[in-house]
Amino acid sequence: MAARLAAKMGYTNVKVFHAGAPAWQKEGKPLLTSHDFISERLDSVILIDSRSPEEAAKGHIQGAFAIALSQLTRERDQLPLDTKVPVIIYGQDTGLGEIAPIIEELALMVDHKFFILENGYAGWVKTGGPIQSGKIRTKIVYLPKPGPGEIVGDEFLNIVKSKPEDKIILDVRTAEERADGKIEWARNIPVDDLPGQIGSLPKNKEIIVHCGTGMRAQMAYSALVNAGFKTRFLNDKIAFIKNQPVCCYKE
């Protein structure tokens, strides 16, 4: 069918690889992937920015890790034990000629499935994918896909920074805890006071709840869901360094 479609598009030298994509990857060959594939799975893939860490810090895909292309084979032990997790490598553009040989070398050493982002970081920005700037992690930390209602740390921090108009952050810690650091634009209602103040929250915005460890945030999330609010919660430890939030990644 693919061959017939290609012929209809005007191609004349068409050959078909009958074994398909799984066999191609089994031989250590990478597949190209798209913005849509990644954007639907940001919380369940490993994204590696293969540019220099300095360049990646200027702007990178939300949740990516910075490992320069020349260091990938040396850093292969950082890949998660779960080999079913897609590993997506990107550069400034597609960079097939530079990235594919490294992936083929990696495939001789590990059993992961590798992909290359078509059009790279430049294409991701052009299509409006979420990005981050500033410090980027150089050590891979893989967290399983979040459960119902959970928000991952990278997306939470992106919201803190961008302050989208359709979201509010609800801090359910006590005043004493907030004295050690807080998100300035967040709304504060301690979880014990939430039942009496829940009516003061807007129903036309998504409420992102956090506490110090995720436990009280989940309690508040349940109360908000039961009251008909659109909400998610950060199931993660959070610390404040110079009054800036840092997600500490639960073990």
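An account of the accompanying structure is given in this report. In this numbering scheme, every chain counts its residues from 1 along its sequence in written order. In keeping with the predicted nature of the model, local features appear solely for residues at pLDDT of at least 70, side-chain atom pairs appear and are counted solely at 80 or more, and the whole-chain, interface and lining totals rest on all residues. Calculated side-chain values reflect all of the structure's heavy atoms, with hydrogen atoms and water omitted.

Site definitions follow a grid-based scheme: protein atoms alone, a 1 Å grid, a 1.4 Å probe that fits but cannot get out for cavities, and for pockets an open set with protein on both sides within 12 Å along at least five of seven lines, plus lining residues having an atom within 4 Å of a point. Grid points are joined across faces, edges and corners, and a volume is the space filled by probe spheres set on the points. What the largest pocket holds in volume is close to 790 Å³. Every helix listed is a DSSP run of H or I at least four residues long, and every strand listed is a run of E at least two residues long, numbered separately from the N terminus. Only helix 7 (153–162) and strand 14 (244–247) provide two or more residues apiece to the lining of the largest pocket. If you tally residues by element for the lining of the largest pocket, the top one is helix 7, at five residues. Think of it as three bins: nonpolar holds Ala, Val, Leu, Ile, Met, Phe, Trp, Tyr, Cys and Pro, charged holds Asp, Glu, Lys and Arg, and polar takes everything else, Gly as well. For the lining of the largest pocket, the class distribution of residues is eleven nonpolar, seven polar and seven charged. Put simply, the second largest pocket is a space of about 340 Å³. Taken together, 21 residues make up the lining of the second largest pocket; nearest its centre are Leu 42, Asp 43, Gly 63, Val 152 and Asp 154. Put simply, the parts of the chain that give the lining of the second largest pocket at least two residues each are strand 2 (46–49) and helix 7.

The next subject is the nonpolar core. Put simply, buried Ala, Val, Leu, Ile, Met, Phe, Trp, Tyr and Cys residues joined by side-chain atoms within 4.5 Å make one nonpolar core. With a 1.4 Å probe rolled over the protein chains alone, any residue whose accessible area is under 20% of its type maximum counts as buried; one over 50% counts as exposed, and the rest are partly exposed. Of all hydrophobic cores here, the largest spans 19 residues; its most connected members are Ile 48, Leu 72, Ile 89 and Phe 114. The set of elements that each furnish at least two residues to this core consists of strand 2, strand 5 (87–90), helix 5 (96–107) and strand 6 (114–117). Ranked by residue count, the leading element in this core is helix 5, at five residues. Any pair of residues with heavy atoms lying within 4.5 Å of one another is described as a contacting pair. Phe 114 has contacts with Gln 25, Pro 30, Leu 31, Leu 79, Val 87, Ile 89, Ile 103, Leu 106 and Ala 107, leaving out every residue within four places of it along the chain.

Spanning twelve residues, helix 10 (residues 215–226) covers 17 Å between terminal C-alpha atoms, matching the ideal 16 Å at 1.5 Å per step. The secondary structure elements touched by the buried residues of helix 10 are strand 9 (167–171), helix 9 (194–197), strand 11 (206–210) and strand 12 (231–234). To estimate how far a helix should reach, multiply one less than its number of residues by 1.5 Å.

Just distances and angles here, no functional claims.
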